[in-house]
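In case you want the letters, here they are:
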Amino acid sequence: MARDEAGSGIPCCWRGQQSHPHPSKPLSWLHRWQPLPKVLGLMALMAAFASVRCLALLPLIWALVAGLWSLSGLPWSLGLRRLAAPGLLVAGLMGILPFWAGETILWRWGSLALRWEGLQMALRIGGRGLALFALTMLLLETTPTSELLAALRALGIPDLLLELAWLTQRYLQEVAAQWQQMQRAARLRGWRPRGSLWRPGPSLRQDLPFLAASVGTLLVRSYERSERTYQALRLRGYGRAPLFSTAAGGDPYSWAATALAVATALLLRNADAALN
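Residues numbered from 1 in each chain as written. Predicted model: local features only at pLDDT ≥ 70, side-chain atom pairs only at ≥ 80, totals over all residues. Heavy atoms only, no water.

A. The overall build of the chain, seen in detail. A count of helices and strands for the chain gives 10 helices and 2 strands. Going from N to C terminus, the chain has its helices and strands arranged as α-α-α-α-α-β-β-α-α-α-α-α. Going through the 276 residues of the chain one by one, you find that 34% of them count as buried. By sequence separation, contacts in the chain at least 24 residues apart represent 71% of the contacts at least 6 residues apart. Surface summary for the chain: the accessible area is close to 16900 Å², and the carbon and sulfur share equals 64%. (Helix = DSSP H or I, 4+ residues; strand = E, 2+ residues; numbered from the N terminus. Buried < 20%, exposed > 50% of the residue type's maximum accessible area, 1.4 Å probe, protein only. Contact = heavy atoms within 4.5 Å. Areas by Shrake-Rupley, 256 points an atom, 1.4 Å probe, with all protein chains shown as cover.)

B. Just the side chain of S254, in detail. Relative to the helices and strands, S254 is located in helix 10 (residues 252-275). In this structure S254 touches R32, W33, Q34 and P37, once residues within four positions along its chain are discounted.

C. Seen up close, the pairing of strand 2 (residues 112-115). Where strand 1 (residues 105-109) meets strand 2, 4 bridges bridge the pair, whose relative direction is antiparallel. Residue pairing for strand 2: W109 is matched across the bridge by L112. Taking the residues between adjacent antiparallel strands as the criterion, strand 1 and strand 2 are bridged by 2 residues, where G110 takes a positive phi near 65°. (Pairing = 2+ DSSP bridges.)

D. Structural context of the pattern of salt bridges. Enumeration according to the criterion identifies 5 salt bridges in this entry. The closest approach of N and O atoms between R269 and D272, which form a salt bridge, is 3.7 Å. Of this pair, R269 and D272 are both found in helix 10, 3 residues apart, which corresponds to roughly one turn of the helix. Overlapping salt bridges, with partners in common, bring together R53, R269 and D272 in one network. (Salt bridge = Lys/Arg side-chain N within 4 Å of Asp/Glu carboxyl O.)

E. Up close: the packing of helix 2 (residues 35-51) against helix 7 (residues 145-154). Relative orientation of the contacting elements helix 2 and helix 7 amounts to 70°, with a least axis distance of 8 Å. With respect to helix 7, the element helix 2 is oriented roughly perpendicular. Listed contacts from helix 7 to P35, L36 and V39 of helix 2 are E147, L148, A151, L152 and A154. For the contact of helix 2 with helix 7, the class distribution of residues is 7 nonpolar, no polar and 1 charged. (Axes fitted to C-alpha atoms, helices over the stretch in contact; angles between N-to-C directions. Parallel < 35°, antiparallel > 145°, perpendicular 65-115°, else oblique. Nonpolar A, V, L, I, M, F, W, Y, C, P; charged D, E, K, R; others polar.)

F. Summary view of the environment of L74. Position of L74 among the secondary structure elements: in the loop between helix 3 (58-72) and helix 4 (76-82). When its relative accessible area of 14% is taken as the criterion, L74 is described as buried. Along the sequence, L74 and T142 sit 68 residues apart, while their C-alpha atoms lie 8.6 Å from each other. Ignoring any residue separated from it by four or fewer positions in sequence, one finds L74 in contact with H31, W69, L138, E141 and T142.

G. Broad picture of a nonpolar patch on the surface. A cluster of nonpolar side chains, L40, M43, L155, I157, L160, L161, L164 and W255, forms an exposed patch at the surface whose accessible area comes to about 720 Å². Per element, the largest residue contribution to the nonpolar patch is 3 residues, and it comes from helix 8 (residues 159-188). (Patch = residues over 30% accessible without salt bridge, like charges linked within 9 Å, V, L, I, M, F, W, Y side chains within 5 Å.)

H. Focus on helix 10. Counted at 1.5 Å a residue, the expected span for helix 10 with its 24 residues is 34 Å, and the 34 Å between its end C-alpha atoms agrees. Listed as buried for helix 10 are S254, A257, T258, A261, A265, L268 and D272. Buried residues in helix 10 make contact with helix 1 (29-32), helix 2 and helix 3. (Expected span 1.5 Å × (residues − 1).)

I. Examining the environment of A259 more closely. If you trace the backbone, A259 turns up in helix 10. C-alpha of A259 to C-alpha of L40: the two residues are 219 residues apart in sequence and 9.3 Å apart in space.

J. Region of the structure containing the confidence of the model for the chain. Residues of the chain with pLDDT of at least 70 account for 81%, and the chain-wide mean is 80. A low-confidence stretch, residues 1-23 stays under pLDDT 50, and its non-local contacts, those more than four residues away or across chains, total 41 contacts. (pLDDT = per-residue confidence, 0-100.)

K. Summary view of the packing of helix 2 against helix 3. Axis separation between helix 2 and helix 3 bottoms out at 11 Å; the angle between their running directions is 155°. The angle between the axes of helix 2 and helix 3 places the two elements in the roughly antiparallel class. In this structure, helix 2 crosses over helix 3, and the sense of that crossing is left-handed. Where helix 2 approaches helix 3, its residues L42, L45 and F49 are matched on the opposing element by I61, L64, V65 and L68. Residues of the contact of helix 2 with helix 3, tallied by class, amount to 7 nonpolar, no polar and no charged. (Left-handed = near helix turned anticlockwise from the far one by under 90°.)

As structure tokens, then:
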């Protein structure tokens, strides 16, 4: 978390300042797409993706996602890394549905039967779900948090929910930073992890007391830090004025991109209706 000159821990975007994580790199077209039109355009695409039922349109959906990701200039490794966790959940669901739902049997081995309806359902859920996750990541990675929340405020989201979302994100970042600092300090003092959650055994059980003590210390430190941060926010006027200003309407090129996204979403819905 960025600190002000007094070291109070108040984030920079409280003062309306948020720098891009890679200021030396030229911003891509997707980064220059204004937040309010971008949210509307990507939400239209998400709604169209979520309503697709025809399997033949799934490659087109992923072609659109890949095209947008290429325009963003973000590394492909970042997308694969962020999709790993939801991909595991989707893979588990896709592994169960083909053998559980449906009546048309494609393959049987003893009591295990691969069913066509379940396979279709798994492909639809997996393809659409991962595409929605990818678009969400694209929105979060190419839009500063303060500008994104200001755009959501312009769409009518209550200020209380937006402030909770912003403060929760900052709190999680602070907890992660403190956890890394504690691990670094422990390693400098000679601690070496002997096990992992992926390889449970006696070595991991020997590390559990240290990990439990570290988590307890982290919770206490985080609670104390949250109290200090809240008091600093109150001294700077928190609660007497909206935390986020209203988002600007955006330039004509941004609205043209939104119109193109909405038109693509409508074409996708019409194609799905025609094929079904």
